[in-house]
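Here is how the chains run, residue by residue.
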Amino acid sequence: MLHSFLFLYPFVMSIVWMVGGCVYAWRRERHACHEPPDLPETPLVSILVPCHNEGDVLEDTIGKMLHLDYPAYEIVALNDGSTDDTRAVLERMAEQDARVRVVNLPVQRGKAHALNAGLVVSRGEILVTVDADAVLAKDALRYLVWHFVSPGSERVGAVTGNPRIRNRGTLLGKIQVLEYASIIGLIKRTQRVLGKLMTVSGVIAAFRKRALVDCGMWDEDLVTDDIAVSWKLERRAWDIRYEPRALCFMWAPERLASLIRQRARWAQGGVEVLIRNASVLWTWKNRRMIPLYIEEVLSIIWSYLWVLNLVWIVLLGVVHGVPWTFVAEAGTWLGLTSLVQTSVALWIEQKYERDPLWRYDFYAIWYPAAYWMIGAFVVVWSVPKACWSMWAARRGRYATWQSPDRGVSA
């Protein structure tokens, strides 16, 4: 029974993601226009850029933002208590272009706190949040805004874009190119078909300001602001959409230690959100979110069982020899499933890239071996950490952040 669950859970979920991704692509992307849409109106957009010690990358990020294909937008740079030259860089850019505004927060209080401050000072009804090291595609705003101004869009509270990896020179970089296409892209498409998204993308997302105010804005005590605000919006019956044509290019960790720290933060944040939103299980109006909740809980159970089973196999191998037959058969099937899933995803995603994504398909064989192992161990580590964090949050804790390691390519 245990071995069946350990094998069938990722195998079945992979099939669900492939089917859901294909259904979404057939219904919504088959005849989609790949030219920026004509908008019935172009409301002012406020781009919120939270930053902490990002002086090295801000000129590249904001410099490219000043050339977006959209007539009415402002850039609100949120300096969250930086100790490097971030403030000087931002104020210099604000002097050069009136569309850049700077909010200097004297004490670091975290990304969510900075975003809440940005919401208060922003002038636009539509807010687009972008990481300080990410570069928006030139037409990204048009694709995002279309969801807020098209007919029947009154209940759209947020739209998540399509993040892509900029650094593709190392093995970890190449694997993450596939991850964002074959895992994250397919999951978002499948969840959109089923009606509810687990989360907007923290690196690029657009929000209706009225919806954010209605749900209580960003939670400042949780480490993953994007997951938390997504659940708050959907629990208030706001719709979250996925726009694969709104591209955003980001730096990914290329050092193993940095990758583990990033995934541990994601895992901890996901568990924190589950703890805070446990009431969806008995709240009738939130019943459509129950499948999301159950799937996340199953993934946590799978991680714990997988780690325990791995330890058992190692101990058994020391005494009686490792049962290589089962390990080899399960690994072969899961590896083949990963290759098929990646191929399906790349077939869907290739239309949005100039870089031929097919040349990364070979690296999909590393995904189950490397990423599932990393993911399982960080979940086991992060669950008790998240439980302690939620208890400590009652004391007014802020979820602060550090500049990410952008890898050797940067």
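Structure's up top.
Attention here is on the structure that accompanies the text. Please read these numbers as outputs of a predicted model, since none were measured by experiment.

**Details of the overall build of the protein chain**
The number of helices and strands found in the protein chain is 12 helices and eight strands. Taking all 410 residues of the protein chain together, 57% fall into the buried category. Contacts in the protein chain between residues far apart in sequence, at least 24 positions, make up 85% of those at least 6 positions apart. Within the structure as shown, the protein chain displays about 18400 Å² of accessible surface, and the carbon and sulfur contribution to it stands at 62%.

**Some details on unusual backbone geometry**
Of note, M217 is a non-glycine position whose phi angle comes to about 65 degrees, a positive value. Under the relative-accessibility criterion, M217 is labelled partly exposed at 24%. The backbone of A237 shows a phi angle near 70 degrees, a positive value even though the residue is not glycine. Mapped onto the secondary structure, A237 falls in the loop between helix 8 (225-235) and strand 8 (239-250).

**Topic: the environment of R287**
Within the secondary structure layout, R287 lies in the loop between helix 9 (256-276) and helix 10 (290-320). Taking C-alpha positions, R287 is 9.5 Å from R235, a pair spaced 52 residues apart along the chain. From its side chain, R287 meets the backbone oxygen of W284 in a polar contact 2.9 Å long.

**A closer look at the packing of aromatic side chains**
In the structure shown here, the tally under the stated rule is seven aromatic pairs. Aromatic side chains Y24 and Y242 sit 6.1 Å apart centroid to centroid with 50 degrees between the ring planes, which places their arrangement in the tilted category. Within this pair, whereas Y24 is found in helix 1 (residues 2-29), its partner Y242 is found in strand 8, the two being separated by 218 residues in sequence. Here Y24 matches Y242 in class, with each residue buried.

**Here's the deal with the nonpolar core**
With 46 residues, the main nonpolar core has V45, I47 and I75 as its most contacted residues. Residue contributions to this core peak at seven residues, all from helix 5 (residues 140-149). If we skip the residues at most four places from it in the chain, I47 touches M65, L68, Y73, E74, I75, V76, V128, V130, L136 and L141.

Rules of the game
- Residues numbered from 1 in each chain as written.
- Predicted model: local features only at pLDDT ≥ 70, side-chain atom pairs only at ≥ 80, totals over all residues.
- Heavy atoms only, no water.
- Helix = DSSP H or I, 4+ residues; strand = E, 2+ residues; numbered from the N terminus.
- Buried < 20%, exposed > 50% of the residue type's maximum accessible area, 1.4 Å probe, protein only.
- Contact = heavy atoms within 4.5 Å.
- Areas by Shrake-Rupley, 256 points an atom, 1.4 Å probe, with all protein chains shown as cover.
- Polar contact = N/O pair within 3.5 Å; in protein donor to acceptor, adjacent residues only side chain to side chain.
- Phe/Tyr/Trp six-rings, centres within 6.5 Å; stacked < 30°, edge-to-face > 60°.
- Core = buried A, V, L, I, M, F, W, Y, C linked by side-chain atoms within 4.5 Å.

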